[in-house]
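Survey of secondary and tertiary structure
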Amino acid sequence: MIENKKIIKRFIRILLVIGVFSLSGCSLSGNSQVSGEQMKNDEGGSPLKIAFYPNESAAEFEHAREEIKDILQKAIERDVEIVTSTDYNVVVESIVNGQVDLAYMGAEGYIEANKKNSQVQAILTNSGPSGTLEDALYYSFLAVREKDSKAYETKGNRYTIEPIRGKTISFVTNTSTSGFKVPSHVISEHFDIKSSDGLIMDGDFFEKVLFGGSHQGAMVNLLRGDADAAAFMNMPQYVDVVEGEENRTGVLYEVKKDAEAPFDTVRGEKFRVILSTPVLNGPIAANKENLNKETISKISAALRAEEVARNEKIFAPKESKQIGMFSKEGNEQYVEVTDDFYDEIREMGS
């Protein structure tokens, strides 16, 4: 495992807590078309629109999205429309421009949205097992196929990213926190690269750069052999631990035998994590030009309710066969969060 004290210092106040768990296109899909001048306030009867990133737009999370829709409708006594996506950038622009009112986002996408429109503000995130922000973390992986992992192994069963130069890599998208921002920062520091811009250009640091469009897509690019290495977040709902400790560098994962699309073509394939880095959980962001304080307060209270934390369609215990939006190991729940929580991610770009 390579040393990365700067990353650890930025991301963890408790050292490497075993954390939280949780194809490409150019449009949002929902029950209706989104127009640029819709929903500039919430005084009318128009539906509240909540958008989801590509990862959370996957078919297996439909029941979780519908639960969230029902919770919000009861809380605000107003129709709620779910808006799924195949493109990170479209979600960012839609919350910035007020085409949607709420969005499930990663930290990097949120920071970009907030920079473009300061009225886009983080209001909630999923906690860690402690039930607080202290361990509100998930993990960013750099991974390789099992058959290639010996090249990255060093003495003492440790791993290095040194051989990654000149390979074909798959990121998620350049607005993904764990699928680009964090791993590109780590690579840049390790190889003393002044700017990560060259990491997305073919023939510069990498021979070829692919974008999966989603975390699932990046993993599939790796497992079907289109990429030599890939960056994506931990996704325990799709894989089983074969060897090592979950979420730690060196762990070997295998795609579950009953994994659904897009993993149905790579069932049983194995990959090794050559670098695992903790990442701050992304927020639910609200466009405050669209939603007033009272509405946001109702949304926050409804999602922070105890019954939501117990709802297995949203927070699924690890032993449950139910796939939740998040995995539950302890007291995971929605908690309030503010913009400054993400300053640690902002600093990575400075």
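Residues numbered from 1 in each chain as written. Predicted model: local features only at pLDDT ≥ 70, side-chain atom pairs only at ≥ 80, totals over all residues. Heavy atoms only, no water.

Description of the overall build of the protein
Helix and strand content of the protein: nine helices and 18 strands. Per-residue burial over the protein gives 58% buried out of 350 residues. Summed over its atoms, the accessible surface of the protein is roughly 14800 Å², and 45% of this surface lies on carbon and sulfur atoms. (Helix = DSSP H or I, 4+ residues; strand = E, 2+ residues; numbered from the N terminus. Buried < 20%, exposed > 50% of the residue type's maximum accessible area, 1.4 Å probe, protein only. Areas by Shrake-Rupley, 256 points an atom, 1.4 Å probe, with all protein chains shown as cover.)

Some remarks on the sheet that holds strand 11 (residues 229-233)
Spatially, seven strands are ordered 10-9-11-6-14-13-12 in an open sheet, and the strand pairing comes out mixed. Edge positions in the sheet fall to strand 10 (208-211) and strand 12 (239-243), since each has one partner strand and no second. Taking the axes of each pair of neighbouring strands and ignoring which way they run, one obtains an average angle of 35 degrees across the sheet. Taken together, the four bridges between strand 12 and strand 13 (residues 252-255) define a ladder with antiparallel strand orientation. What sits directly across from D240, in strand 13, is E254. Set on the sheet, helix 6 (residues 215-223) makes contact with strand 6 (137-145), strand 9 (168-171), strand 10, strand 11, strand 12, strand 13 and strand 14 (270-280); between it and strand 11 the angle comes to about 155 degrees. (Pairing = 2+ DSSP bridges. Axes fitted to C-alpha atoms, helices over the stretch in contact; angles between N-to-C directions. Contact = heavy atoms within 4.5 Å.)

Quick word on helix 2 (residues 62-76)
A rise of 1.5 Å per residue sets the reference length of helix 2, with its 15 residues, at 21 Å; its end C-alpha atoms lie 21 Å apart and thus fit the reference within 8%. Turning to helix 2, its buried residues are A64, R65, E67, I68, K69, I71, L72 and I76. Turning to helix 2, the residues buried within the fold contact strand 2 (48-52), strand 3 (80-85), strand 4 (102-104), helix 7 (293-303), helix 8 (306-309) and strand 18 (334-336). Positioned one or two residues after helix 2, E77 has a phi angle of 50 degrees, which is positive. (Expected span 1.5 Å × (residues − 1).)

A word on a negative patch on the surface
A contiguous patch of negative charge, built from D240, D258, E260 and D264, is present on the exposed surface. The residue D258 is located in the loop between strand 13 and strand 14 in this model. (Patch = residues over 30% accessible without salt bridge, like charges linked within 9 Å, V, L, I, M, F, W, Y side chains within 5 Å. Salt bridge = Lys/Arg side-chain N within 4 Å of Asp/Glu carboxyl O. Lys, Arg positive; Asp, Glu negative; His and termini not counted. Charge placed at Lys NZ, Arg CZ, Asp CG, Glu CD.)

Examining the environment of R304
Mapped onto the secondary structure, R304 falls in the loop between helix 7 and helix 8. Overall, the relative accessible area of 33% leaves R304 in the partly exposed class. Residues R304 and Q333, 29 residues apart in the sequence, show an inter-C-alpha distance of 6.8 Å. If we skip the residues at most four places from it in the chain, R304 touches L124, Q333, Y334, V335 and E336. A polar side-chain atom of R304 sits 2.9 Å from a polar atom in the side chain of S300. (Polar contact = N/O pair within 3.5 Å; in protein donor to acceptor, adjacent residues only side chain to side chain.)

Some thoughts on the pairing of strand 10
The pairing of strand 9 with strand 10 spans four bridges and is parallel. Pairing of S170 across the sheet is with L210, part of strand 10. As for the winding sense of the linkage, the β-α-β connection from strand 9 through helix 5 (residues 177-190) to strand 10 is right-handed. (Right-handed = clockwise from strand over helix to strand, strands pointing away.)

A short note on the pattern of salt bridges
Under the defined criterion, the tally for this structure stands at 18 salt bridges. Between D148 and K147 there is a salt bridge; the shortest N-O distance is 3.5 Å. Residue K147 is classed as exposed on the basis of its relative accessible area, which comes to 65%. Across the pair E153 and K150 runs a salt bridge whose closest N-O atoms are separated by 3.4 Å. Take E153: its relative accessible area is 23%, and that puts it in the partly exposed class. Taking relative accessible area as the criterion, K150 reaches 65% and is therefore assigned exposed. Each of E93, E112 and K116 takes part in salt bridges that share partners, so that together they form one network.

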